[in-house]
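# An overview of the molecular structure
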Amino acid sequence: MLDLWGARKFDRCAAKDWWGACSLTSGMKRIFEGSEHLIRLALVAAVLVLAFLAIRYALIPRDFGKYGHYRPGSLTEIAARTPVFAGRDACASCHVDIATAKSKGPHANVGCEACHGPLGRHAQDFTSQKPVLPDTAKLCVTCHEADSAKPKTFPQVVSREHAGDAACGVCHNPHQPKL
Amino acid sequence: MDAVIPNVQGFMYPNEVQLTWSVLIVVYPYITGLVAGAFILASLARVFNIAAVQPIYRLSLLTALAFLLVAPLPLQLHLGHPERSYEMYMTPHRTSAMAMFGFVYLWYLLVVLLLEIWLDYRKDIILAARSRTGVMKWVYSALTLGSRNIDAKSLHVDDRVGWVVTLIGIPSAFLLHGYVGFIFGSVKANPWWSSPLMPVVFIFSAMVSGIAVVLLVYETVAHLRKRPIDMACLDTVAKYLLYIFIVDFSLEMLDLVHRMYEANQSFRALDFMVHTQLYLSQIVLQIELGTLVPIGLLALVQVGKFGAILRRRIYTVAAALTLIGIFFMRWNVVIGGQLFSKSFLGYTTYKMAFAAREGLLPAIALLILPFPILWGLLKLLPPWEEQKV
Amino acid sequence: MDLSRRELLAAAGKFIVLSGAALEAFESPTGALAADSKYRMADHWWAMTIDIGKCIGCGNCVRACASENDVPEGFFRTWVERYEVNGEDMEHPQVESPAGGMHGFPVRNTPGVKSFFVPKLCNHCAESPCVQVCPVGATYVSPDGVVLVDQQYCVGCGYCVQACPYGCRYLHPTKHVADKCTLCYHRITKGLTTACCEACPTAARTLADLKNPKDPVHEFLRVNAVQVLKPDMATGAKVFYKDLDGSVR
C-alpha cells in the first residue's frame, strides 16, 4: 500500500487511540498524512497575513501612535490653519487712539472685530482688505435690545421707545458710547 | 444638494436635527443577524446532532455565507470615505466596538464559515475538479488549493476539524451579532440604546430571523426543484423558531417593563416617542404583526393537529411576518434612537431618500442581493446528493 | 544567463535594500508640530469657562466661529440656547435655539419666568466618549487637552456623532468627515484666543489654561459655584459653567 508520496506504508502500530493514530511520533506522521490539505490552507493563510502586514507597513505613517492612537501629523495640519480674526491686540497696534479711547469706556472689553467683523487679512496687510463700517441702526440692538433673558445689570433699552427710528450712532459714539 | 429639512417638534440640539445613521445602518445589523441565525441552525445539525434538521445543514451554511458577503456593503455605502475603510484593519482602535467588530467579522467569515464550508464540501469540489471541463474546471481546481486527496484518512480529518470549527462557530456566531448589539448598547449618550440587554436581544432576534429565512429558503428551493419537503425537518425548524422567539420576546418585554417602572428622565421622552413617531413601526409592525402573530401561529401548530399542507402554509406566513418584524426591530433601534433629542425636549423626523446613496432603493437592493448570490453558491456547491457530478 | 550563487545573493541583497528604501520614500511624512514653533503642547491643558450671568444672547460667538472655521450652513460648532423656566417646573423648560442663535434671538419678555442664555460647544472631555468609539483613531485628545478630528484619516462612519452626549458633533455635508469645535487650535497655539471668546462682548466666554498657574480659571473655579453639562455621564468635561441652572439639559 502506497502513501501520498509513493512510499511504502507498514502498519507497525500495536495500539491506536480514538483518533486512529498510533504512538505520538508515528501518530503525528499519520495526522500529517491525512492533513496535507490543511497544511496547504495554513500556508495560504500565512501568505495572506504577510501580505497584509506588508501593505500596512507601506500605508500607515511610521509615527502613528506617537502621542496616542492617531496620526501626529494631524496636529500640525490643524494648527497650520490661518486665523481669520486678528484679535484685539493686533488692532491696537495700529489704531492706538481708538484703542485708548475705547479702553476708558464701557466697551473696553468689547473686541474690535466683535463689531467690525473678521479683519485678519487687514491686520496682515491693510490694503488687502478694506473694513466695512457696520450700520449702527442694525448692529447695536443685537446686544442692547431689552430682553428678559439678558442679565438685569446689562445696559438694555426698548429701542423703539428709546430712540424711535433713529440709528444708535446718531447720539452714541460706538467707541465711547457713554453720553 | 441637501434636500428636505426634517420637522422638529420641541427643542433639539442644532446638530441633532438631521439623522446621522440611515436605513442602511438598519439593513446592516439585519443582514448580520440573518447570518448568525442561519449558522445556529447549521450547528444544531452538526454539533447537537439533531438529526431532523440534517437535510438543511449545507443550505444553512450557504445561506449564511451569501448574507455575510453582502453585510459589508451597506456600511461601505454609508461611510463618508469608503476608500479609507481599510484603516479599520490597519489601525483599529482597541476601545472601539466598531473596530473590534471588523476582526470578529473577518474571523467569522474566514476561520468559521468559509473553513467549515470548504471542509464539508472538499470531496465534492475535488470530484468536480476531476470531472468538469472548461472554466468551471479551473474554478474547482483553484478551490482544491492543489490538494486532490480524498482518501478515508483525510476525510476523517475533515470531519473532526469541521466539528471543532462548528463548535467554535457557535460562540463566534453569538459574538458576531452580540457585538453589533454591543455597538449600540455601549453608547451611554443614548438611553434608547444603552443597555446590557442590547447584545442579548440582538442575538436572540438574530437567531429568530436567521431560522425564519432558512425556513423560507428551504421551502422556496424545494418548490423550484420540485422536490418534496422533509416535514420532520420543517416541523423541527419551526419548533426552534417558536422557542427562541419566546425568549426574544421575553427579553424585549423585560427591557420595556423595566423602563416603564423606573420612569427616569429619558423615559418620558421615549415613551411619548413610541406612542407617536414609532407607533406604526414599533407597536404595529414589530410587536403585533411581527412578534405576537407569528408566536401565536407557531404555538397553534404545537397544540393543534394540522395536516402537512396547512402546517407549511402557517410556517410560511409566520416566517415571513417574523422577517418583517425583526427588520422593524432593527429600524426601531437605529432610527428610533435618533428621532429624539438628547435634551429629551424634542423630536425630529427621518426623511428617507429614495434613489440616493443612502436611500430606500439601495437598501432594498442590498436585501435582495444575497439571493442571487445564494443561487450562484447553490449552483457551485450543490447541497444535494443527486446533483453531484 | 548563468549566475553564480554569489552573484545571485548580491543581486537579492541589493533588491531587498533598495525596495526597503523605496518603501521609506513612500512613507507618509512624520508629524509633530512644526519644528520652528515656540508652542509646546506639554505646557498647556486647555479648558473654557462660561459665565451664564454674563451671556446676553447676541450670537456673536456663533457668527465668529462660523467665519473663523468655515462652518457649513445648518451645522454648528458652537451655539446658544435660550431657556425659560416656569417656577418649580424644572422638568419642562421652554428652550429654543433659532439657527443656533447665530442671528440673535427674537425678543421675548415673558412675565414671571426665569430666562437665560446658555452657550454651548464641545466640552473637550478628558474622558471623551467620542474618542473611545472612533474605530480608526481619527479623533483624539491632543496632549494639550483639545479633542480634535484628523479629517485626512476619518472614514465618516458617524459613530462619534452618536456617542457625544452633548450633540456637538456632526458629519460635514461636503467633506463627509466628522467635524466639531477645535477650540480654535490654530489660534490658541499661536497665542491668540478662540474666535468665540474674541467676539464675546461681555467676556461670558473665556479660554482657560489649567496648566498655567497665572490663569484666572483657578480663581474662577475656587470662588464660584461651577457646573459641567451632564455630569452623570462622567466625561471629564472641561467647559465649566458658572450659575448653570438645574433645568439645563
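Residues numbered from 1 in each chain as written. Chains lettered and ligands numbered in written order. Predicted model: local features only at pLDDT ≥ 70, side-chain atom pairs only at ≥ 80, totals over all residues.

### Re the overall build of chain A
In terms of regular secondary structure, chain A is built from 9 helices and 0 strands. When the helices and strands of chain A are placed in sequence order, the string is α-α-α-α-α-α-α-α-α. Here chain A holds 179 residues, and 22% of them are scored as buried. (Helix = DSSP H or I, 4+ residues; strand = E, 2+ residues; numbered from the N terminus. Buried ≥ 20, exposed ≤ 12 C-beta atoms within 10 Å, placed from the backbone.)

### Regarding the overall build of chain C
Helices and strands together make up the secondary structure of chain C, namely 7 helices and 11 strands. Split into buried and exposed, the 249 residues of chain C put 52% on the buried side. A separation of at least 24 residues holds for 64% of the contacts in chain C among residues at least 6 apart in sequence. (Contact = placed C-beta atoms within 7 Å.)

### Notes on the interface of chain A and chain C
Taken together, the contact between chain A and chain C spans 39 residues of the former and 51 residues of the latter. Of all the elements in the fold, those that place two or more residues in the side of chain A that touches chain C are helix H2 (36-59), helix H3 (73-79), helix H6 (112-116) and helix H8 (136-144) of chain A. Sorting elements by how many residues they give to the side of chain A that touches chain C places H3(A) first, with 7 residues. Across the side of chain A that touches chain C, the residue classes tally to 20 nonpolar, 10 polar and 9 charged. (Nonpolar A, V, L, I, M, F, W, Y, C, P; charged D, E, K, R; others polar.)

### Focus: the pairing of strand E2 (residues 78-86) of chain C
Each regular strand shows side chains that alternate between the opposite faces of the sheet. All names here are of chain C. The buried count for E2 comes to 7 of 9 residues, which makes it a mostly enclosed element. Relative to strand E4 (residues 114-121), E2 runs antiparallel, the two sharing 8 bridges. Across the sheet, Glu-81 pairs through a bridge with Val-118, a residue of E4. Once E2 ends, the chain turns through 2 residues before running back antiparallel as strand E3 (residues 89-96), passing Gly-87 with a positive phi of about 60 degrees. (Pairing = 2+ DSSP bridges.)

### Focus on the packing of helix H8 (residues 197-225) of chain B against helix H9 (residues 231-262) of chain B
How two helices pack is summed up by the angle between their axes together with the distance between the axes. All names here are of chain B. Relative orientation of the contacting elements H8 and H9 amounts to 155 degrees, with a least axis distance of 9 Å. The angle between H8 and H9 places the two elements in the roughly antiparallel class. Handedness of the H8/H9 crossing: left-handed. (Axes fitted to C-alpha atoms, helices over the stretch in contact; angles between N-to-C directions. Parallel < 35°, antiparallel > 145°, perpendicular 65-115°, else oblique. Left-handed = near helix turned anticlockwise from the far one by under 90°.)

### Focus: the domain arrangement of chain A
As a measure of interface size, the accessible area lost when the parts come together is often cited. All names here are of chain A. Along its sequence, chain A is carved into domain 1 (35-79), domain 2 (83-132) and domain 3 (134-179). Listed per partner, the contact involves 8 residues of domain 2 and 7 residues of domain 3. At the level of elements, helix H5 (96-103) and H6 are the ones that each hand at least two residues to the side of domain 2 that touches domain 3. Here the side of domain 2 that touches domain 3 takes 3 residues from H5, the largest share from any one element. Of the residues belonging to the side of domain 2 that touches domain 3, the class tally is 4 nonpolar, 3 polar and 1 charged. (Domains from an automatic or database assignment.)

### Some remarks on the pairing of strand E9 (residues 205-209) of chain C
All names here are of chain C. Counting buried positions over the 5 residues of E9 gives 4, a clear majority of the element. Relative to E9, strand E1 (residues 46-51) is paired through 5 bridges, and the arrangement is antiparallel. Looking at E9, one finds that Ile-50 is bridged to Arg-205.

### Notes on the confidence of the model for chain A
Fine structural detail should not be taken from predicted coordinates in areas where pLDDT scores are low. On average, residues of chain A carry a pLDDT of 86, and 82% of them reach 70 or more. Summarising per-element confidence for chain A, the mean pLDDT is lowest in helix H1 (residues 24-34) of chain A (59) and highest in H3(A) (96). (pLDDT = per-residue confidence, 0-100.)

### Describing the environment of Ala195(C)
With respect to the helices, strands and loops of the structure, Ala195(C) is situated in helix H6 (residues 195-199). Apart from the residues lying within four places of it in its own chain, the contact partners of Ala195(C) are Phe85(A), Ala64(C), Cys65(C), Glu68(C), Cys184(C) and Arg187(C).

### Re the interface of chain B and chain C
Between chain B and chain C, the residue contacts involve 30 residues of the former and 36 residues of the latter. Every element with two or more residues in the side of chain B that touches chain C is listed here: helix H4 (87-90) and helix H5 (97-131) of chain B. Among the residues making up the side of chain B that touches chain C, the classes are represented as 13 nonpolar, 11 polar and 6 charged.

### Points about H8(B)
Look at H8(B): 42 Å from first C-alpha to last across 29 residues, which is about the 42 Å you get at 1.5 Å a residue. Where H8(B) terminates, the next one or two residues include Lys226(B), which has phi positive at roughly 55 degrees. (Expected span 1.5 Å × (residues − 1).)

### Topic: the sheet that holds E9(C)
Reading across the sheet, the 4 strands line up as E9-E1-E11-E10 (chain C) and stay open at both edges, with mixed pairing between neighbours. Two strands in the sheet have a free side with no partner beyond their single neighbour: E9 and strand E10 (226-227) of chain C.

### Considering helix H15 (residues 370-380) of chain B
All names here are of chain B. Within the span of H15, buried status applies to Pro-370, Leu-374, Leu-377 and Leu-378. Around the axis of H15, the buried residues are gathered within 100 degrees of arc, so they sit on the same side. Set apart from the buried face of H15 by more than 90 degrees, the exposed residues are Pro-372, Gly-376 and Lys-379. Each element contacted by the buried residues of H15 is listed here: helix H2 (57-70). (Arc of directions from axis to C-beta.)

### With respect to the nonpolar core
All names here are of chain B. Ranked by size, the top nonpolar core spans 208 residues in total, and within it Val-35, Leu-41, Ile-211, Val-214, Leu-215, Val-237 and Leu-241 carry the most contacts. Considering every element that reaches this core, the biggest residue donor is helix H1 (residues 24-46), with 17 residues. Val-214 has contacts with Ala-38, Leu-41, Ile-56, Leu-59, Ser-60 and Thr-63, leaving out every residue within four places of it along the chain. (Core = buried A, V, L, I, M, F, W, Y, C linked by C-beta atoms within 7 Å.)

### So, unusual backbone geometry
A positive phi angle is found at Leu145(B), which is not glycine, with a value near 60 degrees. By the element assignment, Leu145(B) lies in the loop between helix H6 (134-143) and helix H7 (152-185). Take Leu145(B): there are 16 C-beta atoms within 10 Å of it, and that puts it in the partly exposed class. In this structure, Ala99(C) takes a positive phi of about 50 degrees despite not being glycine. Structurally, Ala99(C) can be placed in the loop between E3 and E4. The exposure class of Ala99(C) is partly exposed, given the 15 C-beta atoms found within 10 Å.

### Some words on the sheet that holds E3(C)
Residue and element names in this part refer to chain C. Overall, antiparallel pairing links the 3 strands, which are arranged E3-E2-E4 in an open sheet. With partners counted over all chains shown, the strands left at the sheet margins are E3 and E4, one partner each. Pairwise comparison of adjacent strand axes, ignoring direction, gives a mean angle of 35 degrees for this sheet. Strand direction decides the pairing type here: E2 and E3, joined by 4 bridges, are antiparallel. Opposite Tyr-83, over in E3, you have Val-95 as the bridge partner. Strands in contact with helix H2 (residues 60-69) are E2 and E4; relative to E2, the strand with the most contacts, it is inclined by about 160 degrees.

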